[in-house]
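Single-letter residue listing:
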Amino acid sequence: MTRTPKLLMEMYQAMHARFGDQHWWPGDTPLEICVGAILTQNTNWTNVEKAVANLKAAGCMSVSALYAKPHAELAELIRPAGYYNIKAKRLKNFVAAAHRDHGDNLGGTGGDGHGFLDRSVSALREELLSINGIGRETADSIILYAAGKLTFVVDAYTYRILLRHGSIAPEDDYEAVKELLESSLPQSAPLWNDYHAQLVAVGKTYCRPTAQCAGCPLEGFPHDASAGR
DNA sequence: CCCCAGGCGTCCA
DNA sequence: TGGACGCATGGG
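Each chain carries its own residue numbering, running from 1 in the direction its sequence is written. Chain letters and ligand numbers both follow the written order, the letters beginning at A and the numbers at 1. Where totals are concerned, whole chains, interfaces and linings use all residues; where local detail is concerned, this predicted model gives features only for residues with pLDDT of at least 70, and gives and counts side-chain atom pairs only at 80 or more.

Enquirer: Please provide a residue-by-residue account of the protein's contact with DNA strand B, values included.
Expert: Surrounding DNA strand B, one finds 27 residues, the nearest of these being Gln41, Asn42, Gly135, Thr138 and Ala156. The way it works is that DSSP assigns letters per residue, a run of H or I at least four long becomes a helix, a run of E at least two long becomes a strand, and they are numbered from the N terminus. Listing elements by their share of the surface near DNA strand B, those giving two or more residues are helix H8 (136-146), helix H9 (156-164) and helix H11 (189-205). For the surface near DNA strand B, the leading source of residues is H8, giving four residues. Under this grouping Gly is polar, as are all residues other than the nonpolar Ala, Val, Leu, Ile, Met, Phe, Trp, Tyr, Cys and Pro and the charged Asp, Glu, Lys and Arg. Of the residues that constitute the surface near DNA strand B, the class distribution is ten nonpolar, twelve polar and five charged. In this entry, near means the residue's backbone-placed C-beta atom lies within 6 Å of the molecule or strand.

Enquirer: Explain the domain arrangement of chain A to me, and be specific about the residues and the numbers.
Expert: Marked domain ranges trace back to an automatic or database domain assignment. Under the domain assignment, chain A is made up of domain 1 (4-23 + 153-223) and domain 2 (30-146). Taken over C-alpha atoms, the centre of domain 1 sits 26 Å from the centre of domain 2. On the domain 2 side, the residues contacting the seven residues of domain 1 number six residues. Take the side of domain 1 that touches domain 2: its biggest share by element is three residues, from H11. Contacts here follow a simple rule: the backbone-placed C-beta atoms of the two residues must lie within 7 Å.

Enquirer: Tell me what's going on with H11, and back it up with residues and numbers.
Expert: Each helix should span, by expectation, one fewer than its residue count multiplied by 1.5 Å. Look at H11: 25 Å from first C-alpha to last across 17 residues, which is about the 24 Å you get at 1.5 Å a residue. Backbone-placed C-beta atoms define the burial measure: a residue is buried with 20 or more other C-beta atoms within 10 Å of its own, exposed with 12 or fewer, and partly exposed in between. Of the positions making up H11, those classed as buried are Trp192, Asn193, Asp194, Tyr195, His196, Ala197, Gln198, Leu199, Val200, Ala201 and Val202. For H11, the elements touching its buried residues are helix H1 (4-19), H8 and H9.

Enquirer: Provide a residue-level description of the protein's contact with DNA strand C, including the pertinent values.
Expert: In the neighbourhood of DNA strand C, 13 residues make up the surrounding shell, with Pro80, Gly82, Tyr83, Asn85 and Ile86 lying closest. Every element with two or more residues in the surface near DNA strand C is listed here: helix H3 (45-57) and helix H6 (84-102). When residues in the surface near DNA strand C are grouped by element, the largest group, three residues, is from H6. Of the residues in the surface near DNA strand C, the class split is four nonpolar, seven polar and two charged.

What follows is the structure in structure tokens.
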């Protein structure tokens, strides 16, 4: 549908007008963003904040510190984030890959350009997806928010909201939704950054599985009335 | 008591 | 290739 690009921008403007700049990702450093991206897998963000605070208090917010931390101790620190055994492994898998060739130089926003994250989007995505425990959403979150490179992050909210508004079909998979957004929107990392954050803001507030859409900034958009529930 | 949360890997047809 | 399932805490 050729109206899609215009519609998607109008949806963004409506969300931004309601919520304002979201200033994502909520994290101080590229490493903290990567850690948060792994810990928030199927988990409420408030639980992730507690785990991140524990890691910082224990002096573990560096690649080498996480790399050296014994599994049992790491799991205990991230316990509030849930799935702590599997997430401890995933954190270790991530920092092991970074540590192997780049030591403590993770790279990304504010770095010297020679760190683990500092490579082309395609090469970085391939590298991240090869790590056990890093799937498509986590990889794209790291690329966009930690590395500051152009990729669109699709998540359950993105899928749910676009489906309710008829912009995608139920059978569309992650890559299909990602390609639709990337090909429809202006090629701007700041825009894609805030667009994803706005979708999460809508999802958390108005687009829960059991919520009504009343009051949502997207209330008047196509298919809204027929797609509720 | 229930359902939900910014997924992912494994297993199996 | 796609659906079911395990992983786990904390909040509403």
